[in-house]
Amino acid sequence: MDKFEQWQGGANTLNDSTLQGKDPDFDAWLGQQLQFNEPYLDNDGFCERVMAQLPAPSRRAERRATRVQYAAVLAASAIVAWQFPFGEVLSEAVQQSISLYSLVGVGILSSLAAMTGGILAARR
Amino acid sequence: MDLNDEDLIRRVVEDGDQRAYAQLVRRYQSQLRFSLRQLCDGDQALADDMAQEAFIKAYKALPAFRGDARFSTWLYRIAYNLVMSHKRKNAPEVDQEAVDRAQAQESVEESQQLGMARDLNAAMGELSEAQRQAVHLCMQRGFSHEEAASIMKLPLGTVKSHVNRARAKLQTLLQAWREEVVNG
């Protein structure tokens, strides 16, 4: 503490220019020193303790989030359906003499699988 | 993905997304706990309790957060209010054991620090509590004078005066170190 004690006596005699604090270099240096000396406090379960005490999110917010997710999945499905070449697939199916019922069944099942996957992904 | 405070707050308020709030807690826990330790005179357990309460209170009040100030300013204001109100209620009771424990721990750490850090701590100890808080908020945390005034619930002029007086005192006390840095 040599330097501190050496200058401690002078602290009581502050002149006007020092009081006005017009030394940006000193400000920057002091800010750096203060930050350099600050340790980072590990989370150490702090965040988990806070989260455990939070009230449950409102039902309204949850419902709103679910509606947004369903809307996103529906919009994605609509785009896929719009781009899908149903006509070509149908004519190909007729040419290959695939049963229309099995084709519709496969289509519905794939759509359901895609929508479920989309919803699950959005929820995660 | 590292979202900014505004986006995280929007997710919490609009979607009830608590994971977004957890991200905010992780972002500010160290700074806030460190600041409150100083405000609680080294009582680490009390400071952590206050920080925890501040985060919970902020979560509950988040829908009313208008975004006029930064989230950190708003959070600090809540935390400072909690500590001050706790101090008012429990003025005579100081957990001396906790303070002694913290100080003992600090002195071990201090012995390992450089002389500069030791002298800086000693110089900070020469300031009044209000000056120390003002310097901590403005020069260590980077809050503006206006933000510090709103956190400390003091007039702007008073905060400026605290900062100026503290700066002048520190400048005199740490002059030798400064000269050493400047002269290489």
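In the annotation of an unreviewed UniProt entry, the entry for chain B reads Sigma-70 family RNA polymerase sigma factor, and the organism field reads Microbulbifer taiwanensis. As stated in UniProt under Sequence similarities (unreviewed entry), the record for chain B gives "Belongs to the sigma-70 factor family. ECF subfamily."

Trainee: Lay out the overall build of chain A in plain terms, naming residues and giving numbers.
Mentor: Along chain A, the regular secondary structure elements total seven helices and zero strands. Overall, chain A shows an N-to-C arrangement of helices and strands of α-α-α-α-α-α-α. In chain A, buried positions account for 21% of the 124 residues. Total accessible area computed for chain A in this model is approximately 9200 Å², and 60% of it derives from carbon and sulfur atoms.

Trainee: Give me the lowdown on the packing of aromatic side chains, citing residues and values where you can.
Mentor: Residue and element names in this part refer to chain B. Scanning all chains against the criterion turns up nine aromatic pairs over all chains. Arranged with centres 6.3 Å apart and planes meeting at 85°, the rings of Phe65 and Phe71 form a pair that is edge-to-face. Judged on exposure class, the residue Phe65 and its partner Phe71 are both buried. Following the ring pairs from residue to residue traces out a cluster consisting of Tyr28, Phe65, Phe71 and Trp74.

Trainee: So what's going on with the nonpolar core? Which residues, and what values?
Mentor: Residues and elements named next belong to chain B. Tyr21 and Phe71 are the most contacted members of the largest nonpolar core, which totals 64 residues. Both domains that meet at this core, namely domain 1 (5–89) and domain 2 (114–183), each give it at least three residues. Residues contacting Phe71, with those up to four places away along its chain left out, are Asp5, Ile9, Tyr21, Leu24, Tyr28, Leu62 and Phe65.

Trainee: I'd love a proper account of the layout of surface pockets, names of residues and values included.
Mentor: Residues and elements named next belong to chain A. In this model, the second largest pocket occupies a volume close to 550 Å³. In this structure, the second largest pocket is lined by 20 residues; those nearest its centre are Phe84, Phe86, Gly107, Ile108 and Ser111. Looking at the lining of the second largest pocket, the elements that each hand over two or more residues are α5 (59–83), α6 (86–95) and α7 (100–123). Considering every element that reaches the lining of the second largest pocket, the biggest residue donor is α7, with 11 residues.

Trainee: Describe the pattern of salt bridges, and please don't skip the residues or the numbers.
Mentor: All names here are of chain B. Tallying each qualifying case throughout the model produces 11 salt bridges over all chains. Measuring nitrogen to oxygen at the nearest pair gives 2.6 Å for the salt bridge that ties Arg27 to Asp5. Note that Arg27 is positioned in helix α2 (residues 18–39) and Asp5 in helix α1 (residues 5–15), a separation of 22 residues in sequence. Classification of Arg27 as partly exposed rests on a relative accessible area of 30%. By relative accessible area, Asp5 is classed as buried at 11%. Across the pair Asp48 and Arg33 runs a salt bridge, and its minimum N-O distance is 3.1 Å. With Asp48 in helix α3 (residues 44–61) and Arg33 in helix α2, this pair connects stretches of sequence that are 15 residues apart. The burial state of Asp48 is the same as that of Arg33; both residues are buried. One salt-bridge network, held together by shared partners, links Asp2, Asp5 and Arg27.

Trainee: Break down the packing of helix α3 (residues 24–36) of chain A against helix α7 (residues 129–140) of chain B for me, citing the residues and quoting the values.
Mentor: Packing of α3(A) against α7(B) leaves a shortest axis separation of 9 Å and a crossing angle of 100°. With respect to α7(B), the element α3(A) is oriented roughly perpendicular. From α3(A), Asp27(A), Leu30(A), Gly31(A), Leu34(A) and Gln35(A) reach across to α7(B), where they touch Val135(B), Met139(B) and Gln140(B). Looking at the contact of α3(A) with α7(B), its residues break down into four nonpolar, three polar and one charged.

Trainee: Residue-level account of the packing of α1(B) against α2(B), with values.
Mentor: Residues and elements named next belong to chain B. As a packed pair, α1 and α2 sit with axes 8 Å apart at the nearest point and diverge in direction by 140°. The angle between the axes of α1 and α2 places the two elements in the oblique class. Every pair of crossing elements has a handedness; the one defined by α1 and α2 is left-handed. Residues Asp5, Leu8, Ile9, Arg11 and Val12 of α1 touch α2, and the partners they reach there are Ala20, Tyr21, Gln23, Leu24, Arg27 and Tyr28. Looking at the contact of α1 with α2 residue by residue, the classes come out as seven nonpolar, one polar and three charged.

What counts and what doesn't
- Residues numbered from 1 in each chain as written.
- Chains lettered and ligands numbered in written order.
- Predicted model: local features only at pLDDT ≥ 70, side-chain atom pairs only at ≥ 80, totals over all residues.
- Heavy atoms only, no water.
- UniProt positions renumbered as here; feature names shortened; annotations may be inferred.
- Helix = DSSP H or I, 4+ residues; strand = E, 2+ residues; numbered from the N terminus.
- Buried < 20%, exposed > 50% of the residue type's maximum accessible area, 1.4 Å probe, protein only.
- Areas by Shrake-Rupley, 256 points an atom, 1.4 Å probe, with all protein chains shown as cover.
- Phe/Tyr/Trp six-rings, centres within 6.5 Å; stacked < 30°, edge-to-face > 60°.
- Core = buried A, V, L, I, M, F, W, Y, C linked by side-chain atoms within 4.5 Å.
- Domains from an automatic or database assignment.
- Contact = heavy atoms within 4.5 Å.
- 1 Å grid on protein atoms, 1.4 Å probe; cavity = no way out; pocket = protein on both sides within 12 Å on 5 of 7 lines; lining within 4 Å.
- Points joined across faces, edges and corners; volume = space filled by probe spheres on them.
- Salt bridge = Lys/Arg side-chain N within 4 Å of Asp/Glu carboxyl O.
- Axes fitted to C-alpha atoms, helices over the stretch in contact; angles between N-to-C directions.
- Parallel < 35°, antiparallel > 145°, perpendicular 65-115°, else oblique.
- Nonpolar A, V, L, I, M, F, W, Y, C, P; charged D, E, K, R; others polar.
- Left-handed = near helix turned anticlockwise from the far one by under 90°.

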